Amino acid sequence: MRVLVKREDLDKRVAELAAEIDRDYAESDCLLCIGVLKGSVFFMVDLLKHLKVPLSIDFFQTSSYGGSTTPGEVRIRKDVDLPVRGKDVLLIEDIVDTGHTLNTILGLLRFRGARSVRLCALLDKSSAREVEVPIDYRGFEIENLFVVGYGLDFDERYRNLPYIAVLDETNASAGS
Ligand code: 5GP
């Protein structure tokens, strides 16, 4: 496993993003931060602990249809509980890859009447993009590699690593 983003670099960047978000939403009294389960949880918790603006939180969970169905079709497995209409929504995601997940969710939030919608993504694999999604707050641009840690999994493992790493595929397939 090769460390791609060290713990100290994550901490520093998360604090910088939070300062930017705090500044931009200083006038908002209806900020709703929505995380995309499960991968964004570590990032979201660390980010929100820095924020001073009043906010509420909620979660989406999605999964992609694979195999023979339409590529890029995204299914909402868990919807948000709180109303979105009239809110300033900050969507918090671990990684933007093809962009299909975020494209679907951003469209849904706008359709439901959010006052504003912005996206905060820790990692951006822009070279893998299939649909364009505007990232308002971006942690790190990374290469088109499969990464784990800090919320991101491989087969539900490695989420609790305190850094982002590139998985050694030989070890992963051997199940070690
Ligand atoms: P997209 O719809 O942008 O292709 O995919 C977004 C989702 O795919 C992410 O929320 C994440 O769950 C998953 N994903 C994309 N790239 C990676 C990666 O490198 N590592 C892990 N663990 N998940 C990824």
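Source: prediction; values computed, not measured.

Basis of the calculations
Residues numbered from 1 in each chain as written. Predicted model: local features only at pLDDT ≥ 70, side-chain atom pairs only at ≥ 80, totals over all residues. Heavy atoms only, no water. Pairing = 2+ DSSP bridges. Helix = DSSP H or I, 4+ residues; strand = E, 2+ residues; numbered from the N terminus. Near = heavy atom within 4 Å. Polar contact = N/O pair within 3.5 Å; in protein donor to acceptor, adjacent residues only side chain to side chain. Areas by Shrake-Rupley, 256 points an atom, 1.4 Å probe, with all protein chains shown as cover. 1 Å grid on protein atoms, 1.4 Å probe; cavity = no way out; pocket = protein on both sides within 12 Å on 5 of 7 lines; lining within 4 Å. Sits in = over half its atoms within 2 Å of the grid points. Core = buried A, V, L, I, M, F, W, Y, C linked by side-chain atoms within 4.5 Å. Buried < 20%, exposed > 50% of the residue type's maximum accessible area, 1.4 Å probe, protein only. Contact = heavy atoms within 4.5 Å. Points joined across faces, edges and corners; volume = space filled by probe spheres on them. Nonpolar A, V, L, I, M, F, W, Y, C, P; charged D, E, K, R; others polar. Axes fitted to C-alpha atoms, helices over the stretch in contact; angles between N-to-C directions.

Pairing between strand 2 (residues 31-37) and strand 3 (residues 55-64): seven bridges, direction parallel. For Leu-32, the partnering residue across the bridge sits in strand 3 and is Ser-56.

Close to the ligand lie 15 residues; Thr-98, Gly-99, Thr-101, Val-147 and Asp-153 are nearest. One nitrogen or oxygen atom from the main chain of Val-147 is found 2.7 Å from a nitrogen atom belonging to the ligand. Contact distances for the ligand include 2.7 Å between a nitrogen atom and a backbone N or O atom of Asp-153. Taken by itself the ligand offers 510 Å² of open surface, and the protein chains cover 81% of this. In this structure the site holding the ligand corresponds to the largest pocket. Sort the elements by how many residues they give to the shell around the ligand and strand 5 (residues 88-96) lands first, with four residues.

Moving on: the nonpolar core. Ranked by size, the top nonpolar core spans 29 residues in total, and within it Phe-43, Leu-47, Leu-90, Ile-92, Cys-120, Leu-123 and Ile-164 carry the most contacts. Elements represented by at least two residues in this core include exactly helix 1 (7-24), strand 2, helix 2 (41-50), strand 5, strand 6 (116-124), strand 7 (137-141) and strand 9 (164-166). Residue contacts for Cys-120: discarding those within four places in its chain leaves Leu-17, Ile-21, Phe-43, Leu-47, Leu-90, Leu-91, Ile-92, Glu-93 and Tyr-137. In terms of nonpolar packing, the next biggest core, distinct from the first, is built from 19 residues, Val-80, Leu-109, Ala-114 and Ile-135 among them.

What follows deals with the layout of surface pockets. Here the largest pocket is characterised by a volume of approximately 840 Å³. Along the walls of the largest pocket sit 34 residues, with Ser-64, Glu-93, Asp-94, Ile-95 and Thr-101 positioned nearest its centre. If you list the elements that add at least two residues to the lining of the largest pocket, you get strand 2, strand 3, strand 4 (74-78), strand 5 and helix 3 (100-111). Among the residues forming the lining of the largest pocket, the class breakdown is twelve nonpolar, eleven polar and eleven charged.

Turning to the sheet that holds strand 2, a few remarks are in order. The sheet built from six strands is open, its strands ordered 4-3-2-5-6-7 with mixed pairing. Edge strands, defined here as strands with exactly one partner in the open sheet, are strand 4 and strand 7. The mean angle between the axes of side-by-side strands here comes to 30°, regardless of whether they run parallel or antiparallel. Bridge count between strand 6 and strand 7: four bridges; the pairing is parallel. From the neighbouring strand, Ala-121 faces strand 7, where its bridge partner is Arg-138.

Before going further, it helps to examine the sheet that holds strand 1 (residues 2-5). Taking strand neighbours across the sheet as the criterion, the three strands line up as 1-9-8 in an open arrangement whose pairing is antiparallel. Among the strands making up the open sheet, the edge pair consists of strand 1 and strand 8 (147-148). Pairing geometry for strand 1 and strand 9, over three bridges, is antiparallel. Looking across to strand 9, one finds that Val-3 is bridged to Ala-165.

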